[in-house]
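Residue-level structure breakdown
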Amino acid sequence: MPRCGGPIQKRRIEHVKKVIVVASGKGGVGKSTIAVNIAFSLAMLSHRPRVGILDLDIFGPSIPTLMGLQHSDDPHLTSAGALVPIVNHGVPTMSMGYLVPRPSPNSTEFEGAIVWRGLMVQKAVQQLLFDVDWRDADGSSSGLDVLIIDMPPGTGDVPLTLGQLVIVDGAVIVSTPQDVALTDVRRGIYMFKKVSIPITGLILNQASFLCPSCNTAHELFGTSTNASRLGIPLLAQLPLVGGVSWGGDRGIPYVLEGKNGVDKDGRAGEMWRDAMNEAASKIWGLVHS
């Protein structure tokens, strides 16, 4: 039988000027933490762009915890039935984590596991992409200058659905230096190229450990030479910093820690924040070039 209609046409997300995905082929490399901190570093650029965060990790959403919103109320709906983002630290967010049953703060049970097949996942992804109103709650703003999308690991239904439906302006790849992580990153880069999503560059997380007594950098998990073989721009190399994990668990992005974070984590904390802010400036320039 002949196919009905033509190919799917990619489109912009309504009220969003630019879309940047943050992705990795491997889970556990700090992708979601990096996504949140990229969003805030972009929001703190001199011209103060309006930035939002969309969590597309359907099965393991991390943005509610990283933003301190894991116990927030359910999202409201507009008169047209669109989801209203939940805001913390001045940045609007949306996640599947807000739409499933959540335990009370003192509960030891977890009720929010999602056990879905492909078609249900695709439907949820489409709702998160196209049924969220990114304007201010009172409709006073025109929307977002940049939407950061936190992708799930791997090359499955979610990234393919996104790549087929949405015009994406850039992909920031996150990895640690180990070959086992970089091997999966190569697969992710290949997938993005197949769906015509431009690669903005690589952020190498946990690239080194800065000795607090001698300020010597030790490459515990491999060298940046491994990453250079990916053939994409290196946006930043982030050292191991304890405060990044501490802040993430408490819903405080590390770039918001300011002087307190730098004092606590020493030179490594300062290097981390400087590298992240520099990466944000590069990302902004690349997606607007």
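The structure this text deals with has already been given above.
The structure reproduced in this document is the subject of the present report. (Residues numbered from 1 in each chain as written. Predicted model: local features only at pLDDT ≥ 70, side-chain atom pairs only at ≥ 80, totals over all residues. Heavy atoms only, no water.)

A few points about the layout of surface pockets
How we decide: A cavity, in this analysis, means grid points on a 1 Å lattice covering only the protein atoms where a 1.4 Å probe fits yet has no way out; a pocket is instead an open set bounded by protein on both sides within 12 Å along at least five of seven lines, and a residue lines either one if it has an atom within 4 Å of a point. Grid points are joined across faces, edges and corners, and a volume is the space filled by probe spheres set on the points. Secondary structure is summarised from DSSP: a helix means a run of H or I of at least four residues, a strand means a run of E of at least two, and numbering begins at the N terminus for each. Throughout, the ten residues Ala, Val, Leu, Ile, Met, Phe, Trp, Tyr, Cys and Pro are labelled nonpolar, Asp, Glu, Lys and Arg are labelled charged, and all others, Gly among them, are labelled polar.
If you add up the space inside the largest pocket, you get close to 290 Å³. Lining the largest pocket are 19 residues, with Thr33, Asn205, Gln206, Val244 and Ser245 sitting closest to its centre. Secondary structure elements with two or more residues in the lining of the largest pocket: helix H1 (31–43), helix H2 (63–66), strand S7 (199–210) and helix H7 (242–249). No other element matches the five residues that H7 contributes to the lining of the largest pocket. The class makeup of the residues in the lining of the largest pocket is eight nonpolar, 10 polar and one charged.

Describing H7
Heads up, the condition is: Any residue under 20% of the maximum accessible area for its type is buried, any over 50% is exposed, and the rest in between are partly exposed; the area is computed with a 1.4 Å probe on protein chains only. This arc corresponds to the set of directions leading from the helix axis out to the C-beta atoms.
Considered for burial, the residues of H7 that qualify are Gly243, Val244, Gly247 and Gly248. Buried residues along H7 cover an arc of 135 degrees about the axis, so they all sit on one side. Across H7 from its buried face, at more than 90 degrees, point the exposed residues Gly242 and Asp249. Note on H7: the residue one or two positions beyond its end, Gly251, has a positive phi of about 75 degrees.

Looking at a nonpolar patch on the surface
Test applied: Think of a patch as exposed residues, more than 30% relative accessible area, with no salt bridge, where like charges cluster within 9 Å and nonpolar side chains (Val, Leu, Ile, Met, Phe, Trp, Tyr) cluster within 5 Å. Note that accessible areas follow from Shrake-Rupley with a 1.4 Å probe, and for residues the cover is restricted to the protein chains shown. We define a salt bridge as a side-chain nitrogen of Lys or Arg found within 4 Å of a carboxyl oxygen belonging to Asp or Glu.
Taken together, the side chains of Phe59, Trp116 and Met120 define a hydrophobic patch exposed on the protein surface, amounting to about 300 Å² of accessible area. Taking the relative accessible area as the measure of exposure, Met120 reaches 45% and is therefore partly exposed.

Observations regarding the pattern of salt bridges
Across all of its chains, the model carries 10 salt bridges by this definition. The partner of Asp184 in a salt bridge is Arg187, and the shortest N-O contact between them spans 2.2 Å. Here Arg187 and Asp184 lie together in helix H5 (residues 179–194), a separation of three residues that amounts to about one turn. Asp184 sits in the buried class, given a relative accessible area of 16%. Shared partners join several salt bridges into a network, and the residues in it are Arg12, Lys18 and Asp169.

Topic: unusual backbone geometry
One non-glycine residue with positive phi stands out, namely His15, at about 65 degrees. Of note, Arg48 is a non-glycine position whose phi angle comes to about 50 degrees, a positive value. Position of Arg48 relative to the elements: it lies in the loop between H1 and strand S2 (51–55).

Here we look at the packing of aromatic side chains
Here the distance between the centres and the angle between the planes together describe a pair of aromatic rings. Quick note on the threshold: In summary, the pairing rule links any two rings of Phe, Tyr or Trp, Trp by its six-membered ring, whose centres are within 6.5 Å, and it sorts them by plane angle into stacked for under 30 degrees, edge-to-face for over 60 and tilted for everything else. Put simply, a charge is over a ring when the Lys NZ or the Arg CZ is close to the ring centre, within 6 Å, and near the line of the ring normal, within 35 degrees.
Scanning all chains against the criterion turns up one aromatic pair. Centre to centre, the rings of Tyr254 and Trp272 are 5.4 Å apart; their planes meet at 85 degrees, and the pair counts as edge-to-face. In this pair, Tyr254 sits in the loop between H7 and helix H8 (258–287) while Trp272 sits in helix H8, placing the two residues 18 residues apart along the sequence. Residue Tyr254 shares its accessibility class with Trp272, and that shared class is buried. Positioned above the aromatic ring of Phe130 is the side chain of Arg11, whose terminal nitrogen or guanidinium carbon lies 3.7 Å from the ring centre.

Digging into the packing of helix H3 (residues 118–130) against helix H4 (residues 157–165)
Keep this limit in mind: Only the contacting stretch of a helix is used when fitting its axis, a line to C-alpha atoms as for every element, and angles between N-to-C directions run 0 to 180 degrees. Roughly parallel refers to an angle under 35 degrees, roughly antiparallel to one over 145, roughly perpendicular to one between 65 and 115, and oblique to any angle outside these ranges. The hand of a helix crossing depends on one turn: near helix anticlockwise from the far one by less than a right angle means left-handed, and clockwise means right-handed. Should any heavy atoms of two residues lie within 4.5 Å, those residues are counted as being in contact.
Running from amino to carboxyl end, H3 crosses H4 at an angle of 50 degrees, the nearest separation of the two axes being 10 Å. The angle between H3 and H4 falls in the class oblique. Of the two elements, H3 crosses H4, and the hand of that crossing is right-handed. Facing Gly118, Val121, Gln122, Val125, Gln126, Leu129 and Phe130 of H3, the residues of H4 in contact are Asp157, Val158, Thr161, Leu162 and Leu165. Taken together, the residues that form the contact of H3 with H4 break down as seven nonpolar, four polar and one charged.

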